[in-house]
Amino acid sequence: MQIFSCPFCGPRPETEFHFGGEAGNDRPGGGASVSAADWAAYLHLRDNPKGTAREIWMHTTCLEVFVMERDTLTMRAQPGHALGSHG
Amino acid sequence: MTAYRLPQGGEIDRTQPLRFTYDGRQVQGYAGDSYASALLASGETVLGRSFKYRRPRGIFGAGVEEPNIHADIRLKGHVYPNQRVTTEVAQDGAELRACGAAPGARSDRTRFVDLFSRFIPSGFYYKTFMRPNWHLFEPSIRAMAGLGRVDSTQPDALQGEQRNHHCDAVVVGAGPVGIAAALMLAEAGQSVVLCDDGTRAGGSLLSRAAVIDGMEGAAWLAQALDRLAEAGVTLLTRTTAFGVYDHGLIALNQRREGQADLLWRIRPQRIVLAAGAIERPLPFDRNDLPGILSAQAGLTYLRRYALVPGKRLVIAANNDTGEEILRVLRSAGAEATLIDTRKGTTIRSARGRQQVQGVTLSSGESIACDALLVSGGFTPTIHLHAQSGGKLDWDAAKLAFVPRPGTSAVISVGGAAGHFTLAEAFAALPAALGVGHAPQAEPQTYRVAEAWPRPGMKGRVWIDYQHDVTVKDVELAKRENFVSVEHLKRYTTLGMATDQGKTSNLQGLALMGALTGRTIPEVGTTTYRPPFTPVPLASFAGARSGSRMNPVRRLALEPQHRTAGATLGEYGGWLRPVHYGADDSAIQSEAKRARQTVGVYDASPLGKIEVMGRDAAEFVDFVYYNTMSTLKPGRCRYGFMLSEGGIVHDDGVLVRLDGGRFIVSCSSSHVASVHAMLEEWRQDRYPDRQIWIHDATAETATVTVSGPKALAVLKGAGIEAGDLAHMATGWTAIDGHELRVTRVSFTGDRSYELSIRQDLAPILWDRVIAAAKDEGGGAMGIEALMILRAEKGFIVIGKDTDGMTRPMDLGSDAPLRRKKADFLGRRSLTLPEAQRDDRNQLVGLIPADGQGLLPVGAHGIETRAGVKHSIGYVTSSYPGAGVDQPVALGLIERGAQRHGEEITLHHLGETRRARLVSPCFLDPNGERLDA
Ligand SMILES: [Zn+2]
């Protein structure tokens, strides 16, 4: 059982969190003009890094969506920080 | 084996005899016995059958390492399956049944299997999948496989308990080194939990001689236990630390007599592993015979249970512990011979059929014996270190994998660190712990020589007792090129039994190394995973079983529904009225009555997520497929929410109360996911905009009135709804309480949704039901509502849609063509996959064969080029209420263009014919809405 840290609530058990995807996977602008390849990359292509990963998580009890750095090898998780902030 | 008790000594209480049965036979023992010691003292030898060859087996160990003898223990009405007889405290009145033998271990029906052993080599099981035919073997293999039997007649007899705990340190293993470590930490002011899987603290001091700080082992132990208590250490016996998990979590399972097990979840600052080491057997022909015991087990039976394992004993050891055991046995008056394999003479084979009767040495000499104690060296119990990611080093002098310091969060000390003498173990403690002073022990020596199984060994040499893996099996694995350690494990099943190879893994690696010209560290170990020993599922479940496993949400009006005789059922997590009345026939009459007069149903679980603020309109435009920003205040619009992949996630009505206030009415089972989805997009895409989202579902109750008499019911209930138009909303009151009336319809009939503060719901319900009865109507359950909605072709997301369904497949393509603003999932709808012309589309189906209801899940089948293809399936099917025939909905390939065609349906071997029609079976022009 991992402990993640919500920027709003502090450290809580991992079962209270919901994975929201890799951070930085920005939605392509341009509506209908986005190429199929760019759109498919946005939907499906993931870096799945070995080591430090920047991820979006939601704390399902307070619904705060935040960015968290997590090491996929050591499982160490840094405290989360709010979207748009720099931590 | 003719084991016997000594007249005095040991931990047993000779004034308290006890009796239990084993496979129906009476066994006597004393308070303080384990089942194993009582069985041995009663002269029991053959106590189990091996897993594969059905060989007779006896007790090998004295603790968790026991590979051979497991029993289902029935005690005071409870059954504890798969218990090692060596770790369980004997109880008067218990009934034990040997696992994996039928009818009993002595008379196992399958004992002939051993005669055919050369026909069932490693991988036999896998090979039966290939040829000749697995099904020939399956029944007998299934009957033989498996161990204990769960008593399914008492599913909730003992409910597990769980406890979360915090402390500075957990010390695993209460032997001398664990106790010393706990004392050093506790006396430095730390809070410590010390656990041990044995019945009492002391570890090796309970069976082996030692001098610590000038005291005899027993005396040191007694004063150390006093000091532990004084220092406030929590000492847990019969408690196994079975797993170390992420972020420093350690899990313990505590056995409690007469109570369910207690699972401890602890997150200490540090974990100290003092779990000791496990003795390995020696390899020789027929080394699995009953009467062959681990030497340390023999010592334990002698010292703790005053039990000499035989009249004439042979000890065989490849290390210094043999001498000590010889001394102790002889001083107890036993006749014993030591074979020190380091001096060149080894055991070639054991003699005997049902039990060991003698040994033949490599010199050719024979020695008669009725018990053989073997020691092939020690394997540190490093599981928790390895589970937490720790690396191992090979210690060539000690012939053991030892923890590499600093590679895990677990600090290994004592035997677990490869320190096989107390002096060495104590000396390493201060540096390992960083606090305190360690005790002193008299120096001893531990020297060990290799005694691994070798390629080409004659006879049948067992490596893994529990899974019947022999030297020949490892050789076969090598010949078939399963030489990687993980392949070796899976191919031969070495180490895959419930004992997880505690006494066997290293020998298997050593042999594979010898076969392939690699060293043991080059072969490497398999991955260590929790649990260290089996943990009852009841412990993991804890209190979360039965109705607490997934608690239902309850309606404010549940008492009213119960009073009205409702049958309640779970729908989307809510406990809701299925129907009102004695049986299922009520469903049809409720639906018909609602079509003829009026039906009232509790729609409270319907989602009511408020989206508020100046920028709310722009926001709902983005999250809905349909254009929502043009909605006028006081009006409602039906729409879809999509995922970014363009798949329909939910549908429902959006209500606009005023310019900056919307209510998202999502499906009752999707409230949490829709709420989370809205929040995620608000925070990600509109972080600085004025949008607030609030889920008001639970605080608002909704009662829906539907049918031709709906307006009359409102009047009768004293609710003024004015001339509210279809798809409009407004505020009114009942008894002065605010009430929101929304005219939307999920039935095709004139309908009013009445929403009120949930604690006021009974007032509303009673008034509306009374008025409905005056009009010839009444309450209806969910199942009647399902009939009404299906007749109109109204879908339920997740039932009439699947993970492929786009809005166009449901007949909604205008927003994609017309909507200006970008929205969630838009680009996915123009991808080639979404635009394919052979997509499964929503369609109505009616039986073309006059055979009644079409089965839900039935697949439409078409034969193309001689091959049958599925062209979709039936999603909903009901008897009609407003129409005189069964109705069904389905997702069928090109369904929207095929109205009027007949297709073939297949379901569970049956074939049906169905006609594709419009999904709207009733009132296609919507005249009933204003009837
Ligand atoms: Zn939070």
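Rules of the game
Residues numbered from 1 in each chain as written. Chains lettered and ligands numbered in written order. Predicted model: local features only at pLDDT ≥ 70, side-chain atom pairs only at ≥ 80, totals over all residues. Heavy atoms only, no water. Helix = DSSP H or I, 4+ residues; strand = E, 2+ residues; numbered from the N terminus. Buried < 20%, exposed > 50% of the residue type's maximum accessible area, 1.4 Å probe, protein only. Contact = heavy atoms within 4.5 Å. Areas by Shrake-Rupley, 256 points an atom, 1.4 Å probe, with all protein chains shown as cover. Lys, Arg positive; Asp, Glu negative; His and termini not counted. Charge placed at Lys NZ, Arg CZ, Asp CG, Glu CD. Pairing = 2+ DSSP bridges. Donors = N, O, S within 2.8 Å, 3.2 Å for Na, K, Ca; no water. Tetrahedral: all angles 85-135°; square planar, octahedral: opposite > 155°, others 65-115°. Salt bridge = Lys/Arg side-chain N within 4 Å of Asp/Glu carboxyl O. Phe/Tyr/Trp six-rings, centres within 6.5 Å; stacked < 30°, edge-to-face > 60°. Axes fitted to C-alpha atoms, helices over the stretch in contact; angles between N-to-C directions. Domains from an automatic or database assignment. Core = buried A, V, L, I, M, F, W, Y, C linked by side-chain atoms within 4.5 Å. Left-handed = near helix turned anticlockwise from the far one by under 90°. Nonpolar A, V, L, I, M, F, W, Y, C, P; charged D, E, K, R; others polar. Buried area = accessible area lost by both parts, 1.4 Å probe. Polar contact = N/O pair within 3.5 Å; in protein donor to acceptor, adjacent residues only side chain to side chain.

Peer 1: Pulling in residues and values, what's your account of the overall build of chain A?
Peer 2: Scanning chain A from N- to C-terminus turns up one helix and six strands. When its helices and strands are written in sequence order, chain A yields β-β-β-α-β-β-β. Referenced to the eigenvectors of the C-alpha coordinate spread, the extents of chain A come out at roughly 40 × 30 × 25 Å. Across the 87 residues of chain A, 39% fall into the buried class. The contacts of chain A with a sequence gap of at least 6 include a subset with a gap of at least 24, amounting to 43%. Only carbon and sulfur atoms are counted for the fraction: they give 52% of the accessible area of chain A, which is about 5000 Å². The distance from the centre of the 7 positive side-chain charges to the centre of the 10 negative ones in chain A is 3 Å.

Peer 1: Give me the lowdown on the overall build of chain B, citing residues and values where you can.
Peer 2: Helices and strands together make up the secondary structure of chain B, namely 24 helices and 53 strands. Dimensions of chain B, computed from C-alpha atoms along their principal axes, come out at roughly 105 × 70 × 55 Å. Classification of the 931 residues of chain B by burial places 56% in the buried group. Considering only contacts in chain B between residues 6 or more positions apart, those separated by 24 or more positions represent 65%. As displayed, chain B offers around 38100 Å² of accessible surface, 51% of which is attributable to carbon and sulfur atoms.

Peer 1: Tell me about the pairing of strand 38 (residues 609–612) of chain B, and please be specific about residues and values.
Peer 2: Residues and elements named next belong to chain B. Alignment of strand 38 against strand 41 (residues 661–665), held across four bridges, turns out to be antiparallel. Bridging from a neighbouring strand, Val611 pairs with Phe662 of strand 41. Strand direction decides the pairing type here: strand 38 and strand 42 (residues 692–695), joined by four bridges, are antiparallel. Its bridge partner lying in strand 42, Ile609 is registered against Asp695.

Peer 1: Tell me about the coordination of the zinc ion, and name the residues and values.
Peer 2: Ideal donor angles around a metal are set by the shape: a four-donor tetrahedron calls for 109.5 degrees, a six-donor octahedron for 90 or 180 degrees. All names here are of chain A. Bound to the zinc ion on the protein side are Cys6 (SG), Cys9 (SG), His59 (ND1) and Cys62 (SG), at distances that span 2.0 to 2.3 Å. For the zinc ion, the four donor atoms are set out with angles of 106 to 115 degrees between them, so the coordination reads as tetrahedral. Judged by relative accessible area, which is 0%, His59 ranks as buried. By relative accessible area, which is 26% here, Cys62 ends up partly exposed.

Peer 1: So what about the pattern of salt bridges? Which residues, and what values?
Peer 2: Side chains bearing opposite charge may pair, as long as their charged atoms lie close to each other. Going through the model one piece at a time under the given rule, you end up with 55 salt bridges over all chains. Put simply, Glu55 of chain A and Arg70 of chain A hold a salt bridge, and the shortest N to O gap is 2.7 Å. Separated by 15 residues along the polypeptide, Glu55 of chain A in strand 4 (residues 52–59) and Arg70 of chain A in strand 5 (residues 64–71) bring together distant segments of the chain. Of the two residues, Glu55 of chain A and Arg70 of chain A, neither departs from the other in class, the shared state being buried. A salt bridge links Glu486 of chain B to Arg490 of chain B; the nearest nitrogen and oxygen atoms lie 2.7 Å apart. Residue Glu486 of chain B and its partner Arg490 of chain B are located together in helix 11 (residues 485–492), separated by four residues, close to a single helical turn. Residue class for Glu486 of chain B comes out partly exposed when judged on its relative accessible area of 22%. Its relative accessible area of 34% is what places Arg490 of chain B among the partly exposed residues.

Peer 1: Go over the packing of aromatic side chains with me, naming the residues and quoting the values.
Peer 2: Residues and elements named next belong to chain B. Tallied over the entire structure, the rule returns 24 aromatic pairs over all chains. The interplanar angle of 80 degrees and the centroid separation of 6.4 Å between the aromatic rings of Tyr53 and Trp462 together place this pair among those described as edge-to-face. Of the two residues, Tyr53 is situated in the loop between strand 4 (48–49) and strand 5 (56–57) and Trp462 in strand 32 (residues 462–464); the sequence distance between them amounts to 409 residues. Both residues of the pair, Tyr53 and Trp462, belong to the buried class. With 6.2 Å between their ring centres and 10 degrees between their planes, Phe746 and Phe794 make a pair best called stacked. Within this pair, whereas Phe746 is found in the loop between strand 45 (737–743) and strand 46 (751–757), its partner Phe794 is found in the loop between helix 21 (782–791) and helix 22 (814–818), the two being separated by 48 residues in sequence. With a relative accessible area of 28%, Phe746 lands in the partly exposed category.

Peer 1: Can you break down the sheet that holds strand 15 (residues 239–245) of chain B residue by residue, with the values?
Peer 2: Working definition: the strands of a sheet are paired by backbone hydrogen bonds and lie parallel or antiparallel to each other. All names here are of chain B. One open sheet holds the four strands; their spatial order is 9-17-16-15, and the pairing between them is mixed. Sheet topology places strand 9 (161–165) and strand 15 at the edges, where each strand pairs with a single neighbour. The mean inter-strand angle of the sheet, taken between neighbouring strand axes irrespective of direction, is 20 degrees. As judged from the five bridges shared by strand 9 and strand 17 (residues 259–266), these two strands associate in the parallel manner. Residue His165 lies in a different strand from strand 17, and its bridge partner there is Ile266.

Peer 1: Talk me through the domain arrangement of chain B; I want residue IDs and the actual numbers.
Peer 2: Taken domain by domain, chain B consists of domain 1 (4–119), domain 2 (161–277 + 380–433), domain 3 (452–527), domain 4 (553–605 + 699–789), domain 5 (609–695) and domain 6 (796–930). When each unit is reduced to the centre of its C-alpha atoms, the spacing between domain 2 of chain B and domain 5 of chain B is 56 Å.

Peer 1: Before we move on, can you summarise helix 7 (residues 321–331) of chain B with the specific residues and values?
Peer 2: Residues of helix 7 of chain B that are buried include every one of Thr321, Gly322, Glu324, Ile325, Leu326, Val328 and Leu329 of chain B, and no others. Just beyond helix 7 of chain B, the residue with positive phi is Gly333 of chain B, at close to 90 degrees.

Peer 1: Please provide a residue-by-residue account of the nonpolar core, values included.
Peer 2: Residues and elements named next belong to chain B. Counting 46 residues, the largest nonpolar core has Phe20, Tyr22, Val85, Leu96, Tyr301 and Leu329 as its most contacted members. Among the elements that line this core, the one with the most residues is helix 6 (residues 295–305), at six residues. Look past the residues within four positions of Phe20 in its chain and what remains in contact with it is Arg25, Gln26, Val27, Tyr35, Ala38, Leu39, Ala90, Gln91, Ala94 and Leu96.

Peer 1: I'd like to hear about the sheet that holds strand 49 (residues 859–864) of chain B, residue by residue, with values.
Peer 2: Residue and element names in this part refer to chain B. The strand order 48-51-50-49-52-53 describes a closed barrel built from six strands, whose pairing is antiparallel. Ignoring which end each strand starts from, the neighbouring axes of this sheet average 45 degrees apart. Pairing geometry for strand 50 (residues 867–878) and strand 51 (residues 887–893), over six bridges, is antiparallel. For Ser877, the partnering residue across the bridge sits in strand 51 and is Ala888. Across the face of the sheet, helix 21 comes into contact with strand 50 and strand 51 while running at roughly 125 degrees to strand 50.

Peer 1: Would you mind going over the packing of helix 17 (residues 616–623) of chain B against helix 18 (residues 671–685) of chain B in detail, with residue names and values included?
Peer 2: Residues and elements named next belong to chain B. Relative to each other, helix 17 and helix 18 sit at 115 degrees, their axes nearing to 11 Å. In the packing of helix 17 onto helix 18, the handedness of the crossing is right-handed. Contacts between helix 17 and helix 18 involve Phe619, Phe622 and Val623 from the former and Leu678, Trp681, Arg682 and Arg685 from the latter. Residue classes in the contact of helix 17 with helix 18 are distributed as five nonpolar, no polar and two charged.

Peer 1: Residue-level account of the interface of chain B and chain A, with values.
Peer 2: One widely used convention gives an interface's size as the accessible area the parts lose upon coming together. Across the boundary between the two partners, chain B contributes 23 residues, which contact 22 residues of chain A. Of the roughly 1800 Å² buried where chain B meets chain A, counting both sides, 56% is carbon and sulfur surface. Looking only at chain B, the three residues that lose the most surface to chain A are His247, Gln683 and Arg827 of chain B, adding up to 35% of its buried area. One can count two salt bridges joining chain B with chain A. Two residues, Arg27 of chain A and Glu644 of chain B, come together in a salt bridge whose shortest N-O distance is 2.4 Å. For the pair chain B and chain A, the interface holds 11 residue pairs in polar contact (both at pLDDT 80 or more). Only helix 18 and helix 23 (826–829) of chain B provide two or more residues apiece to the side of chain B that touches chain A.

Peer 1: An account of the pairing of strand 4 of chain A is needed here, citing residue identities and associated values.
Peer 2: All names here are of chain A. The buried fraction of strand 4 amounts to six of the eight residues, a majority that puts the element mostly inside the structure. Pairing between strand 3 (residues 17–22) and strand 4: four bridges, direction antiparallel. Looking at the pairing, His18 lines up with Met58 of strand 4. Where strand 4 meets strand 5, eight bridges bridge the pair, whose relative direction is antiparallel. Residue His59 lies in a different strand from strand 5, and its bridge partner there is Glu64. The turn linking strand 4 back onto strand 5 is made up of four residues, and Leu63 within it adopts a positive phi angle of 65 degrees.

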